[in-house]
Protein chains: 2
Amino acid sequence: MSKKIAGPEIERLVQLLARVPGLGPRSARKAVLALLKRRNELLIPLTEAMQQAVDKIAECPQCGNLDTVSPCSICQDPRRDDGLIVVVEEVGDLWALERSNVINARYHVLGGHLSPLDGIGPEKLNIAGLLTRAASGDVKEVLLALNATVEGQSTAHYVSDRLAPSGVSVSRLAQGVPIGGELDYLDEGTLAAAFKARRKL
Amino acid sequence: MSKKIAGPEIERLVQLLARVPGLGPRSARKAVLALLKRRNELLIPLTEAMQQAVDKIAECPQCGNLDTVSPCSICQDPRRDDGLIVVVEEVGDLWALERSNVINARYHVLGGHLSPLDGIGPEKLNIAGLLTRAASGDVKEVLLALNATVEGQSTAHYVSDRLAPSGVSVSRLAQGVPIGGELDYLDEGTLAAAFKARRKL
């Protein structure tokens, strides 16, 4: 991108697209060309969809999900179990769990995990909101569905400690061999967790 | 993407972004999350840049380049050599040649290459416009800078035949070992071309 190509508008579009995760400077250029070439089928609808997102989509003040209604459609859904809050790091995790179609509860998005080296302490995550919700009386269980990484697990420990005074039951996802997983390809940590948590048949 | 996530607006944005080359369904979801999370720094500026592209950028009626002015800034540039037209398949090729900074001529974008199996015959490419321009009197040489692929080269042969009656000189890019290329990693076709076109030192 050392040389200007065709006008500052295209240049700026390439630079902004290159900041989208999954695209780099080179693929952003390809993407811009494809967008301009498929103006009516792709560029215009995508621009409209993004404008809709700008205008309508906001963070749910209750759980941190992203939606066009506020509170979000999950928080508003009367069929969801008020007794269980599933805590996730990011909205993407919430989406992944929703796709799995097994959870019929409320969510709470922390907005990341604790990372002291990056300056992300408890005050940067939406932990206060979770404590308020957990203390509301309806909630019986908080499931900490955080990533099985060092950061995710230390965040889970911290949140669990903070939840202790509220008296709600705190749980975490089971760890073990993923469905379809071949033992030969799994890391030792996963195998050790699966062994320790083995179940009687 | 089997299950709806959070509202049709997000869903539609994911689906449209997944059609951008370089992104798939999974990376489009990640991209949408990143856009929504970085609303002010990324989503809004990118949406504005795309709206600008929709409003302002059009195909140059003369050469097929994409620009905000019409004819495009290259066609309007008085310092460019009117005697040479560089013919390319796509606007991306034009950009690549411009980045190389060695061409100070006019361009002509065909809009693809001949591909009878895909139903792309000469009438689908902007060949008529090229013949008109080549016959204008100013043009002395047409450089067919088409891809060194089977389709690119057969398109070059076809265009060259069509240009013959106009009497302009028709050339193509040199073929050989790319700068920095290691012989061990080059295909036999490139090596054969480099051998045949060898030059005296």
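Residues numbered from 1 in each chain as written. Chains lettered and ligands numbered in written order. Predicted model: local features only at pLDDT ≥ 70, side-chain atom pairs only at ≥ 80, totals over all residues. Heavy atoms only, no water.

(A) Local environment of the relation of the copies chain A and chain B. Mapping chain A onto chain B calls for a rotation angle of 179° and an axial translation of 0.0 Å; the resulting RMSD is 0.1 Å. What the rotation and shift describe, once combined, is the action of a two-fold rotation axis. No C-alpha of chain A lies nearer the rotation axis than that of Thr 47 of chain A, which sits 3.1 Å from it. Of the residues that chain A buries at the interface, 100% are likewise interface residues in chain B, meaning the two copies contact each other through the same surface. (Least-squares fit on C-alpha atoms with pLDDT ≥ 70 in both. Contact = heavy atoms within 4.5 Å.)

(B) Here's a closer look at the nonpolar core. By size, the foremost hydrophobic cluster in this structure holds 80 residues, and its most contacted members are Leu 17, Leu 46 and Val 86 of chain A together with Leu 17, Leu 46 and Val 86 of chain B. In contact with Leu 46 of chain B, other than residues within four places in its own chain, are Leu 13, Leu 16, Leu 17, Val 20 and Met 50 of chain A together with Leu 35 of chain B. (Core = buried A, V, L, I, M, F, W, Y, C linked by side-chain atoms within 4.5 Å. Buried < 20%, exposed > 50% of the residue type's maximum accessible area, 1.4 Å probe, protein only.)

(C) View of the environment of Leu 183 of chain B. Tracing the backbone shows Leu 183 of chain B in the loop between β6 (169–172) and α8 (188–196). With residues near it in sequence (within four places) discarded, Leu 183 of chain B still touches Val 177 and Leu 191 of chain B. (Helix = DSSP H or I, 4+ residues; strand = E, 2+ residues; numbered from the N terminus.)

(D) Looking closely at the packing of helix α2 (residues 25–37) of chain A against helix α3 (residues 39–56) of chain A. Residues and elements named next belong to chain A. It is at 6 Å that the axes of α2 and α3 come closest, and there the two elements cross at 110°. One finds that α2 runs roughly perpendicular with respect to α3. Of the residues in α3, those in contact with Leu 35, Leu 36 and Lys 37 of α2 are Arg 39, Leu 42, Leu 43 and Leu 46. Across the contact of α2 with α3, the residue classes tally to five nonpolar, no polar and two charged. (Axes fitted to C-alpha atoms, helices over the stretch in contact; angles between N-to-C directions. Parallel < 35°, antiparallel > 145°, perpendicular 65-115°, else oblique. Nonpolar A, V, L, I, M, F, W, Y, C, P; charged D, E, K, R; others polar.)

(E) The arrangement of the packing of α2 of chain A against helix α5 (residues 91–100) of chain B in detail. Viewed as axis vectors pointing N to C, α2 of chain A and α5 of chain B meet at an angle of 140°, and their least axial separation amounts to 10 Å. Here α2 of chain A is positioned oblique relative to α5 of chain B, judged by the angle of their axes. In contact with Arg 29, Val 32 and Leu 33 of chain A of α2 of chain A, α5 of chain B contributes Val 91, Gly 92, Trp 95 and Arg 99 of chain B. Of the residues that constitute the contact of α2 of chain A with α5 of chain B, the class distribution is four nonpolar, one polar and two charged.

(F) Representation of the packing of aromatic side chains in the model. All chains considered together, the criterion is met by zero aromatic pairs over all chains. Across from the ring centre of Phe 195 of chain A, 4.4 Å away, lies the NZ or CZ of Arg 198 of chain A, which sits over that ring. (Phe/Tyr/Trp six-rings, centres within 6.5 Å; stacked < 30°, edge-to-face > 60°. Lys NZ or Arg CZ within 6 Å of the ring centre and 35° of its normal.)

(G) Examining the pattern of salt bridges more closely. Here the structure, examined in full by the defined rule, presents 12 salt bridges over all chains. Residue Lys 56 of chain B is joined to Glu 9 of chain A by a salt bridge in which the shortest nitrogen-to-oxygen separation is 3.7 Å. In this pair, Lys 56 of chain B is assigned in helix α3 (residues 39–56) and Glu 9 of chain A in helix α1 (residues 7–17), connecting two distinct chains. Here Lys 56 of chain B falls in the partly exposed class, since its relative accessible area comes to 39%. With a relative accessible area of 16%, Glu 9 of chain A lands in the buried category. Here Asp 77 of chain A and Arg 80 of chain A are joined by a salt bridge, their closest N and O atoms 3.5 Å apart. Note on accessibility: Asp 77 of chain A and Arg 80 of chain A belong to one class, buried. (Salt bridge = Lys/Arg side-chain N within 4 Å of Asp/Glu carboxyl O.)

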